[in-house]
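As a plain string of letters, each chain reads:
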Amino acid sequence: MENLSSKPWSQSKKILFRLVFAYIFLYCFAFPIYFIPYGSILIHPIGTQLQNLSIWLGHHLFGIVDEIPTAETGSGDTLIYWLLWATKTILALMVTVVWSVLDRERASYEFLQRVLITYTRYFVALIIFSYGMAKVIPTQFSEPSYTQLMKTYGESSPMNLLWTLMGYSTPYQVFGGIMEVLAAVLLLFRRTVLLGALVMMTVMANVVAMNFAFDVPVKLASSHYLLFSMGLAWIFKRNLIDLFFLQNPSQPIVLKPMFQEKRAFIATQIFKTVFLGYFFYTAVSNNLNYQKSIREGAMVSPLAGVYNVQSIPIANDSLVNAKTPMPIKRLILDNYRPERLTLAFEDDSKMRYLAEYDEEKQLIKAVLPSDSTNRMELTYKFDEEGRLYLKGVYKEDSLFLEINRIEIDSLLLVKKKFQWISPVPFNR
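Residues numbered from 1 in each chain as written. Predicted model: local features only at pLDDT ≥ 70, side-chain atom pairs only at ≥ 80, totals over all residues. Heavy atoms only, no water.

A. Representation of the environment of Ala205 within the structure. Position of Ala205 relative to the elements: it lies in helix H8 (residues 193–213). For Ala205, a relative accessible area of 36% puts it in the partly exposed group. Residues Ala205 and Tyr290 lie 85 residues apart in sequence; the distance between their C-alpha atoms is 28 Å. (Helix = DSSP H or I, 4+ residues; strand = E, 2+ residues; numbered from the N terminus. Buried < 20%, exposed > 50% of the residue type's maximum accessible area, 1.4 Å probe, protein only.)

Now the structure itself:
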């Protein structure tokens, strides 16, 4: 067996190691502190200073004149994130230069190499495990809601199209999650690092391709997970070349534990067991709780459904007896997001309102987020045949709607199920 780093290092290898070491630890500096309760208290001051430095560099080095937004939007590809990446890259280069000058006589970095390998594989493993568990317990992608089912392809963004695809097929989502979890777990053990890195590379190559192809704003982060996985596989490059290209026997590379002294090794194994146990429990329980909240939220609205408008008598104070048809053709009361009430008009335009329901008074109150004067307050009731009637005020007009619920189960996307035998391709 060949031990990793058992030979003297060249100057180029030492410089490259310093650069990789500095870059990875700067890029991942908050890991794993943010997995620890109240860990954000420790890393927040450092993160703030890095952000301030990134903004300064954005203005003075990259020539950005406008204000640089720092608010969290859910996107991992905002300008500030790219500036943080550029700042950390510059800092890594500076650290490499200083480190190389001050420590140029050192023969090798065997211990720091073990630290770097351990840190990198745990970083990738725990983050991808979190993503995978959100698919194994389907919470990352929800089944298409009523709002989504009534949307045309042309109205969907590329990301929304991908989310609908993934949410529609729960088995495919779960399969993707299982592969991510499998790759993550394999990275946690030294004997299975190579297999874990190869599986992770395969999984992340697909994820990165989808992020770029469908404009999902996690390109920066996902590309790093793929890059780090490739780096872990690169450790075993000689074995891979011998196996896949030269068909030669090769000596297995042994990854030594970070601490080899017996007491230190036992202590790290105990810490690893406790930390991973806490992490796995938190990841699973959080996703189960979130899944429960989604299901409970879907049952909040008593009116959830898609309704076609049958008739719309309307009048205002100056024209009390008039019955002028309004161009509203459909109401969508979302099932997964009960607060979403969408009006679809005859010209195919839509308005999404924020709605509240009072079941006791059978009352709906809704307002357009972009225009507080555009609001409605309607009472509702069902007749014996299941038709729904809404009556009240829309904007400044009196409004009465007679609407019929669309049977969602009749939609092709909902009713078409998997079948083993397919006489012809069913591609409509």
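Let's pick the thread back up.
B. A look at a nonpolar patch on the surface. There is a patch of nonpolar side chains on the surface, built from Ile241, Leu243, Phe244, Phe245 and Leu246 and spanning about 580 Å² of accessible area. With respect to the element layout, Leu246 can be found in helix H10 (residues 237–246). By relative accessible area, Leu246 is classed as partly exposed at 47%. (Patch = residues over 30% accessible without salt bridge, like charges linked within 9 Å, V, L, I, M, F, W, Y side chains within 5 Å. Areas by Shrake-Rupley, 256 points an atom, 1.4 Å probe, with all protein chains shown as cover. Salt bridge = Lys/Arg side-chain N within 4 Å of Asp/Glu carboxyl O.)

C. A look at the pairing of strand E3 (residues 305–311). Strand direction decides the pairing type here: E3 and strand E5 (residues 328–333), joined by 4 bridges, are antiparallel. Bridge pairing in E5 links Val306 to Ile332. Strand direction decides the pairing type here: E3 and strand E11 (residues 397–405), joined by 4 bridges, are antiparallel. Each bridged residue has a counterpart across the sheet, and for Val309 the counterpart in E11 is Ile403. (Pairing = 2+ DSSP bridges.)

D. Layout of the environment of Pro8. Assignment of secondary structure puts Pro8 in the loop between strand E1 (2–3) and helix H1 (11–27). Residue classification places Pro8 among the exposed residues on the basis of a relative accessible area of 76%. For the pair formed by Pro8 and Lys361, sequence separation is 353 residues and the distance between their alpha carbons is 80 Å.

E. Representation of the nonpolar core. With 54 residues, the main nonpolar core has Cys28, Phe31, Phe123, Leu126, Leu187 and Met200 as its most contacted residues. Those elements giving two or more residues to this core turn out to be H1, helix H3 (79–102), helix H4 (110–136), helix H7 (170–187), H8, helix H9 (219–234) and helix H11 (262–298). For this core, the element with the highest residue contribution is H4, accounting for 12 residues. Look past the residues within four positions of Leu187 in its chain and what remains in contact with it is Arg121, Val124, Ala125, Val193, Gly196, Ala197, Met200 and Leu232. Within the second largest apolar cluster, 23 residues are counted, among which are Leu303, Leu331, Ile364 and Leu388. (Core = buried A, V, L, I, M, F, W, Y, C linked by side-chain atoms within 4.5 Å. Contact = heavy atoms within 4.5 Å.)

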